[in-house]
Amino acid sequence: MKRAQMASPAADTEHSHSARANKRSKVDSDDAADSGDGWTKVEKRKAKKQKKTDGRLSSNPPKFMYAKGEIMKRREAVGISDVRDLILHLAADAPPLSWVRVENPRSITKVVALLIPGLTPDILGLPPLPTSATTNPNVPLAVPLPPAQHPEDGLFGVPFISSTFTYACPTRAPGDQSRMHSVLNAFFQGPVTSEEKKRRLTERLTSERAQEKSPMRYLLTTEQMIKNGYPMPSYLSETFEKSPGWVETKVSEDADTLLSPSTSESPRIYALDCEMCMTDEGKQLARVCLIDYASGIVVYDQLVKPGKPVVDYLTRWSGITAEALNKATATFDEVQAHVLSVLSATPTPVLLGHSLESDLHALKICHPRCIDTAVIFHHPRGQPLKPGLAWLTKKWCRREIQNRGEGGHDPEEDARACLDLLKKKVDNGPGFGEFKVDMESIFERIGRARAGTVRSAVIDHGNPAAWHGQKASTCIACKTDEEVLEGLLGAIDSHHFLFARFTALADARGWITSKATSDAAPELVPPMRSTPPPEPSPAELQPVLAQLDEQLRRVYAALPRRAALVLLTGHADPRRMAALNARKTAFEGALRAGPDAGPGVENLRWTSADGRALEEEVEKAKRGLLFLGIKGA
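Our subject in this report is the structure included herewith. (Residues numbered from 1 in each chain as written. Predicted model: local features only at pLDDT ≥ 70, side-chain atom pairs only at ≥ 80, totals over all residues. Heavy atoms only, no water.)

Going through the model one piece at a time under the given rule, you end up with 13 aromatic pairs. Measuring from centroid to centroid gives 4.8 Å for Phe188 and Phe499, while their planes differ by 80°, and the two rings are edge-to-face. With Phe188 in helix α6 (residues 183–188) and Phe499 in strand β19 (residues 497–501), this pair connects stretches of sequence that are 311 residues apart. For Phe499, a relative accessible area of 1% corresponds to the buried category. Arranged with centres 6.2 Å apart and planes meeting at 80°, the rings of Phe377 and Phe432 form a pair that is edge-to-face. (Phe/Tyr/Trp six-rings, centres within 6.5 Å; stacked < 30°, edge-to-face > 60°. Helix = DSSP H or I, 4+ residues; strand = E, 2+ residues; numbered from the N terminus. Buried < 20%, exposed > 50% of the residue type's maximum accessible area, 1.4 Å probe, protein only.)

Laid out in structure tokens, this is it:
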């Protein structure tokens, strides 16, 4: 089984002659079987045709062949982005790659990619990476066959890998000199094709030219409001349960026209900003500001008398002081009633703000028409991140706000910033304030290929549907490697491309620390300790390796013939890199804090030698391994 996975060009020529001979004999035998009384049932004819097809594919099976010469020309090892492009070549419409040749790729029935951090050359019996300047460390390594007897050190490795794959190709994770970047992000995100880029640009220009310059086009949809945690009016959605003290705007429009008004409708638009203070019972409203969009006039600016004793005025953020709030006479109920009366006009006004859901929660008001600058403007790194108001104003309006230091924010200043941002958006079109990075998910690219018939699945820890698996046909959230295995086995038959990740080995080796919640970004990171913990003993690792070996065997057994199995480790041991980065971060933090750094700061050091050591450890951590194979008959 092992040596059928990869082949050299010389072996390939010899194989083709035998394949043609085999094909001729196969066809002759099929023709002989068809001779007889001249009658053939449709079912038998179909079966015979399928038999011929299977025979033809068996005579010329798909295979991977590394192009050693091309790999040696590269300055760096095969990258995670190169592995992603290989997946796109197999499962979608990406062109062939220079560093690996795939023979007969269209006969591949499925593509399964497994990410298994924690696998290192020593576990698999591979030699350490060459250190000699005359030896290229990027060329594929021959994988030794599994030992016949249990080794003396007690570490039996992963026999499935040794018996299935012929070569291990070194890989390099993304990153800079001092840090390793996300392997998952590099694998799942890639540049769009030039054709898709042109199509998107044409579609955007056509759309923007066809629409009038109206603020109403930027109203949040019901889905956007729910996604961003807005308190929903009952006539729009029943997803928000109002507790006592909550009110909602009365409207005259029906639900269909409320969020899709005609272009002739010109409701009033008010920019809203609220500031809070901390009381015995949590945060309470301290100030409200409303500014008219058309005139720029402040229509309402009111301090709110707190109903409970104030324990923190949050001056650094709110700008509220004890002296100012002592002069407040309006109660929360009076302020809420006034704002509600302003919003209950006909046609229903529009509220504008930055992360406006927070202001509505502070006022305890549900309002249907909202424009949110945190949604219509993009963060440079894309969703689900949201840009800050001060950053947006400096970037797109060329002025600074919220620069009063300890004096805190001014709600009028923040509200005017929202006004200016919306006017810029209206004048320049929907594409203004969006970062066209020309990147897309691997699943978007796969979804456009082969008339959209390719189904994909992500089976991973955490909640992949909220992150790297958003565009996949199916996402299966798991908590353990056993759940990953069961999810993968259940999805193989109905999907063409599948990705799964097994993390038990990396966890056993102390490489990773899970995020605080299951919905968080499922990137597993090394613990930021000053010194890495000791490596577990072979006796402690062996049960984990045995379980991994059994899981891989079950996955392989479930694959159909001519399925491609792509196994990558992603990176090497990141703990030493993480420990040095922790020291560097602590040292830089102490420098910024100055005299307020606290006790123990005198023991913090970071030298040029530490910097060189960090760079070396980063390069070591970036090294990974790639295994490519095709399941035979």
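A separate point is empty space enclosed by the protein. Summed over all chains, the structure comprises two cavities of 30 Å³ or more. Size it by volume and the second largest cavity reaches roughly 40 Å³. Together, Ile116, Asp481, Phe502, Ala504, Leu505, Val544, Gln547, Leu548 and Gln551 line the second largest cavity. Broken down by secondary-structure element, the contributors of at least two residues to the lining of the second largest cavity are α19 (504–508) and α20 (538–558). (1 Å grid on protein atoms, 1.4 Å probe; cavity = no way out; pocket = protein on both sides within 12 Å on 5 of 7 lines; lining within 4 Å. Points joined across faces, edges and corners; volume = space filled by probe spheres on them.)

Glancing now at the environment of Val335. Structurally, the position occupied by Val335 is in helix α12 (residues 332–343). Between the C-alpha atom of Val335 and that of Val304, which follows or precedes it by 31 residues, the distance is 7.2 Å. Other than its neighbours up to four places away in sequence, Val335 contacts Leu285, Val288, Tyr300, Gln302, Val304, Ala330 and Leu363. (Contact = heavy atoms within 4.5 Å.)

This part covers the pattern of salt bridges. Within this structure, the stated rule accounts for 27 salt bridges. We note a salt bridge from Arg287 to Asp410, for which the minimum N-O separation is 4.0 Å. Taken together, the residues span a long stretch of sequence, with Arg287 in strand β10 (residues 282–292) and Asp410 in the loop between α15 (389–396) and α16 (411–428) at a distance of 123 residues. Judged by its relative accessible area of 22%, Asp410 falls in the partly exposed class. For the salt bridge of Arg583 with Asp610, the shortest nitrogen-to-oxygen distance reads 2.9 Å. Here Arg583, found in helix α21 (residues 575–593), pairs with Asp610, found in helix α22 (residues 608–621); they are 27 residues apart in sequence, far enough to count as distant. For Arg583, a relative accessible area of 30% corresponds to the partly exposed category. Assessed through its relative accessible area of 14%, Asp610 is described here as buried. (Salt bridge = Lys/Arg side-chain N within 4 Å of Asp/Glu carboxyl O.)

The subject of this paragraph is the nonpolar core. General note: in soluble globular proteins, nonpolar side chains tend to be found buried as a group. Grouped together as the largest cluster of nonpolar side chains are 50 residues, with contacts concentrated most on Phe64, Leu86, Trp99, Phe187, Phe497, Phe499 and Leu626. Ranked by residues supplied to this core, first place goes to helix α4 (residues 80–91) with seven residues. Beyond its immediate sequence surroundings of up to four residues, Phe499 is in contact with Ala113, Leu115, Leu184, Phe187, Phe188, Ala457, Val458, Ile459 and Asp460. In this structure, Phe160, Ile161, Ile459 and Leu625 belong to the second largest nonpolar core, which totals 38 residues. (Core = buried A, V, L, I, M, F, W, Y, C linked by side-chain atoms within 4.5 Å.)

Once that is clear, we can look at unusual backbone geometry. In the segment running from Thr346 into Pro347, the intervening peptide bond is cis, with an omega of -5°. Position of Pro347 relative to the elements: it lies in the loop between α12 and β13 (350–353). Its identity as a non-glycine residue notwithstanding, Arg398 has a phi of 60°, on the positive side. Within the secondary structure, Arg398 is located in the loop between α15 and α16.

Next up on the list: the packing of α15 against α16. Running from N to C, α15 and α16 cross one another at 45°; their axes reach a closest spacing of 10 Å. Taken together, the axes of α15 and α16 are oblique relative to one another. Between α15 and α16 lies a crossing of left-handed hand. Each of Leu389, Leu392, Thr393 and Trp396 in α15 lies in contact with α16, whose residues at this interface are Asp414, Ala417, Cys418, Leu421 and Lys424. Residues of the contact of α15 with α16, tallied by class, amount to six nonpolar, one polar and two charged. (Axes fitted to C-alpha atoms, helices over the stretch in contact; angles between N-to-C directions. Parallel < 35°, antiparallel > 145°, perpendicular 65-115°, else oblique. Left-handed = near helix turned anticlockwise from the far one by under 90°. Nonpolar A, V, L, I, M, F, W, Y, C, P; charged D, E, K, R; others polar.)

Closest axis-to-axis distance for the helix α18 (residues 481–491)/α20 pair is 10 Å, and the angle between their directions is 5°. Taken together, the axis directions place α18 and α20 in an arrangement best described as roughly parallel. On the side of α18, the interface is formed by Asp481, Glu482, Leu485, Glu486, Leu488 and Leu489, while α20 contributes Gln547, Gln551, Arg554, Val555 and Ala558. Grouping the constituent residues of the contact of α18 with α20 by class yields five nonpolar, two polar and four charged.

This next bit is on the side chain of Arg509. If you trace the backbone, Arg509 turns up in the loop between α19 and α20. Arg509 gets classed as buried once you look at its relative accessible area, which sits at 7%. There is a polar contact of 2.7 Å between the side chain of Arg509 and the side chain of Glu535. Each residue touching Arg509, except ones within four places of it in the same chain, is listed here: Gly118, Thr120, Asp122, Ile123, Glu535, Pro536, Leu541 and Arg575. (Polar contact = N/O pair within 3.5 Å; in protein donor to acceptor, adjacent residues only side chain to side chain.)

This next bit is on α22. The first and last C-alpha atoms of α22 sit 20 Å apart over 14 residues, in line with the 20 Å expected at 1.5 Å per residue. Taken residue by residue, α22 has Asp610, Leu614, Glu617, Val618 and Ala621 as its buried positions. An end-on view of α22 places all buried positions within 105° of arc, on one side of the element. Every exposed residue of α22 that faces more than 90 degrees away from the buried side is listed here: Ser608, Arg612 and Lys620. (Expected span 1.5 Å × (residues − 1). Arc of directions from axis to C-beta.)

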